[in-house]
Amino acid sequence: MVDTLGVAVIGFGWMGRVHTQAYARVRHHYPQLPLAPELVTVAEEVPGRAEEAAAQFGFASATRDWREVAADPRVRAVSITAPNFLHREIGVAMAEAGKHIWIEKPVGLTAEDAGAVADAVAAAGVQGTVGFNYRNAPAVEAARELIAAGEIGTVTHLRIRLFSDYAAHPEGALTWRYERERGGSGVLGDLASHGVDLARYLVGDIASLAADTAVFVPERARPSGATSGHSRAAGGELGAVENEDYVSCLLRFASGARGVLEACRVSVGEQNNYGFEVHGTRGAVFWDFRRMNELGVSRGTTYQDQSVTTVYVGPGHGEFAAFQPGAANAMGYDDLKVVEAYRFLRSVAEGTPHGATLTDAVHSAAALDAMARSARSGSWAEVTGRA
């Protein structure tokens, strides 16, 4: 028997659309799921946008006030895809209203914000899933299993990169993303948060770090109206970019491994160049998001001049079998969010967390806070967070 679960989406930019499409597809790929999401309402403060979303995707209702969602008895689960500065307020309110939440990263602007949402979720006894989607790639899950099995020996060091050009154009509008009060730590929260989650997912907890940050596009034009995505605003009044365009970070893991994490939102010539290299005493694994369905693997006893094999992921890796019947049939970004939706809904159905949780969000936020402290002080910073 399949139960209906009323869901809402708060914030309908690109990510709100992605969540909505994931809800629409999830039972196509996971017919065994005992819950069927029903699109109850969409909340978006930009005039007309919620109504457009309802008409296109079939939400039963639309509103400009997210608080109406908390009071709506039809809604049992909520996707929170609003701007970062609203995540804490909305997340806490939805949990206190007894709604399960699927919330995008970063969960608020600080570790304190993420902790407040985590506490609210725990106190209410609801489920909370966080949008660390890159860990859902079958190749990444295969890499984690390979590392955990000791196939590359003891991990010695890793490198994680997240380079993008979404903010590279000098005419990019001065939206909330570039304000400290509403956008938080800039590229740290936007991209480096994913890097921290991948590092922890693959290798374990980060004990301490040393970071350096920079702003390379110091001024942008203020937009004249509502914006969506990464809009342009040529000729408007200039304002200061208050948060980081770039971060580089040395990592020390609790295991003794070392790492390097680098992220930039203004990298001309780089489009979603995300990936990692993990090295061990007997081998290495390599992954590039742009070749999402491939994993480079080096293992054996040759050590010097040891070859690297390309593994094309297939039905035996992660959630691949829910999407494709045979190896080397490509999955895409939106599929990773369908996996995330499945794990969220499974968590709700079983009352047990599956996938990335608020605990993962707190750990990621603690590392981002440590990066900011280190960049200000010019010294190493410990990563303190809750287990």
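Structure first, text after, so check above.
All figures in this text were calculated on a predicted structure; none of them were measured in a lab.

(A) Expanded view of the overall build of the chain. Scanning the chain from terminus to terminus reveals 10 helices and 17 strands. Relative to the 2.2 N^0.38 estimate, which gives 21 Å for 387 residues, the radius of gyration of the chain is 21 Å and therefore close to what a compact globule would have. Along the first, second and third principal axes, the C-alpha set of the chain runs to 60 × 55 × 40 Å. For the chain, with 387 residues in total, the buried portion stands at 56%. For the chain, long-range pairs separated by at least 24 residues make up 70% of all intrachain contacts whose partners lie at least 6 apart in sequence. For the chain, the exposed area adds up to about 16,000 Å²; of that, 47% sits on carbon and sulfur atoms. Computing the positive centroid from 35 side-chain charges and the negative centroid from 45, the chain places the two 2 Å apart.

(B) Broad picture of the environment of A22. Inspection of the secondary structure puts A22 in helix α1 (residues 14-29). Residue A22 is classed as buried on the basis of its relative accessible area of 2%. Between the alpha carbons of A22 and A341 there is a distance of 6.3 Å; along the sequence they are 319 residues apart. Once residues lying within four places of it in the same chain are set aside, the contact partners of A22 are W102, K337, V338 and A341.

(C) Inspection of the nonpolar core at higher detail. Core analysis: the biggest nonpolar cluster contains 126 residues, and V278, W287 and M371 have the highest contact counts within it. Ranked by residues supplied to this core, first place goes to helix α8 (residues 187-203) with 10 residues. Setting aside residues no more than four positions away along its own chain, V278 makes contact with I147, I152, V155, H157, L158, L202, V203, G283, A284 and V285.

(D) Representation of the packing of aromatic side chains. One pass over the full model with this rule turns up 16 aromatic pairs. A ring pair is formed by Y134 and Y274, whose centres lie 5.5 Å apart and whose planes are at 75 degrees; its orientation type is edge-to-face. Of this pair, Y134 sits in the loop between β6 (128-130) and α6 (138-148) while Y274 sits in strand β13 (residues 273-280), placing them 140 residues apart in sequence. There is no split in this pair, since Y134 and Y274 are both buried. The rings of W14, Y134, Y274, F276, W287, F289 and Y333 are connected pair by pair, giving a single aromatic cluster. Above the face of the Y201 ring, R144 is positioned so that its terminal group lies 4.3 Å from the ring centre. Its end group placed over the ring of Y178, R220 keeps NZ or CZ at 4.4 Å from the ring centre.

Parameters and conventions
Residues numbered from 1 in each chain as written. Predicted model: local features only at pLDDT ≥ 70, side-chain atom pairs only at ≥ 80, totals over all residues. Heavy atoms only, no water. Helix = DSSP H or I, 4+ residues; strand = E, 2+ residues; numbered from the N terminus. Rg over C-alpha atoms; globule rule 2.2 N^0.38 Å. Buried < 20%, exposed > 50% of the residue type's maximum accessible area, 1.4 Å probe, protein only. Contact = heavy atoms within 4.5 Å. Areas by Shrake-Rupley, 256 points an atom, 1.4 Å probe, with all protein chains shown as cover. Lys, Arg positive; Asp, Glu negative; His and termini not counted. Charge placed at Lys NZ, Arg CZ, Asp CG, Glu CD. Core = buried A, V, L, I, M, F, W, Y, C linked by side-chain atoms within 4.5 Å. Phe/Tyr/Trp six-rings, centres within 6.5 Å; stacked < 30°, edge-to-face > 60°. Lys NZ or Arg CZ within 6 Å of the ring centre and 35° of its normal.

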